[in-house]
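Structural description and commentary
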Amino acid sequence: MRIATTQFTCAPADIGANARQMAALAAEAGAQGAEMVVFPELAPTGYELEALRADRDLWVQPDDPRLDPLRTGGIATVINCATATGGNRPAIETLVFAADGEPITAYRKQHLFEHEQGVFLAGRNDGRFELGGLRFALATCFDNHFPDLVSRGAADGCHVHLASSLYGVGGGVSELESVYPGIAKDFPLHVVLANHVGPAGAWTGCGRAALWAPGGAVLAQGDAETPTVVTAEVGPAPGPQG
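Overview of the structure. For every chain, the first residue of its written sequence is number 1, and the numbers climb from 1 along that sequence. This being a predicted model, a pLDDT of at least 70 is required before a residue's local features are given, and a value of 80 or more before pairs of side-chain atoms are given or counted; all residues contribute to the totals for chains, interfaces and linings. To obtain the side-chain values, all non-hydrogen atoms of the structure were included, while hydrogens and water were left out.

1. Quick notes on helix H5 (residues 171-186)
For the record, the criterion: Comment: elements are numbered from the N terminus, with helices defined as DSSP H or I runs of at least four residues and strands as E runs of at least two. Working rule for helices: expected span equals 1.5 Å times residues minus one. Buried means the residue's accessible area, taken with a 1.4 Å probe over protein chains only, is under 20% of the maximum for its type, while exposed means over 50%, and partly exposed covers the values in between. Residues count as neighbours in contact if any of their non-hydrogen atoms are within 4.5 Å of one another.
For H5, spanning 16 residues, the distance from its first C-alpha to its last is 22 Å, which sits close to the expected 22 Å at 1.5 Å a residue. For H5, the set of buried residues is Gly172, Val173, Leu176, Val179, Tyr180, Pro181, Gly182, Ile183 and Ala184. Buried residues belonging to H5 abut helix H4 (147-155), strand S8 (160-164), strand S9 (190-200), strand S10 (203-206), strand S11 (210-212) and strand S12 (218-221).

This is the structure:
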């Protein structure tokens, strides 16, 4: 399967504007032959924690009409967003839609970073789905720093590890360049990372959205500055010959 990952600069707390940006990126991914596209953490709103704390209208549901531009592009989409939980806090949740717009699965971030703990509810269950003959694991940013979460995906027969994230300039660059190739090498899995580039709430995203092969070799990667789509072929490693 050809998979696309993305990096872009979100419009703060503007779901409509971001959905249009994301739909354009999804169309570009489809034009490059991708069957699936992955977006960064909290992409529909941007990483705007104070706005998400204050405004429930920024919380979405899987059938939210504001996501329609992303469900009608003929490509599977992996969208991380703030979702309503029935309580006073949203969750950081990844929604996965098939190419026909039908929901496939949802995953709530389990490991909330320090400043997220007062805004969101943590999830308790791992995220899995199958598409195109491949089995996928889902994780969000800080989740990927916990090897036990990743190892459960590998043990569960997953081929590809999908990560919607926000890594900033400075120390975030070294974290990104250590954690994700490390997952690909140690487990081993194909790894797909979507990231922000440019202003992202209190942070500045460092870009470098990428796909890695099992073993840690980079297959394709964005730069540090440009909103873009990068694609690569992923799939199970070939068996022994002879």
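2. Things to note about the packing of aromatic side chains
Note the threshold: Any two rings among Phe, Tyr and Trp, with Trp reduced to its six-membered ring, count as a pair given centres within 6.5 Å; such a pair is stacked if its planes are under 30 degrees apart, edge-to-face if over 60, and tilted if neither. Only when the NZ atom of a Lys or the CZ atom of an Arg is both within 6 Å of the ring centre and within 35 degrees of the ring normal do we say a charge sits over the ring.
Using the criterion set out here, one finds 5 aromatic pairs in the structure. Seen from their ring centres, Phe129 and Phe136 are 4.7 Å apart, and the 10° between their planes marks the pair as stacked. When its relative accessible area of 0% is taken as the criterion, Phe136 is described as buried. Their ring planes at 85° and their centres at 5.2 Å tell us that Phe142 and Phe146 sit as a pair that is edge-to-face. Of the aromatic side chains, those joined through ring pairs into one cluster are Phe113, Phe142 and Phe146. The positively charged end of Arg71 is found above the aromatic ring belonging to Phe97, 5.3 Å away from the centroid.

3. Considering unusual backbone geometry
A positive phi angle is found at Ala13, which is not glycine, with a value near 55°. With respect to the helices and strands, Ala13 occurs in the loop between strand S1 (2-8) and helix H1 (15-31). Of note in the backbone geometry, Arg208 takes a positive phi value of approximately 65° without being a glycine.

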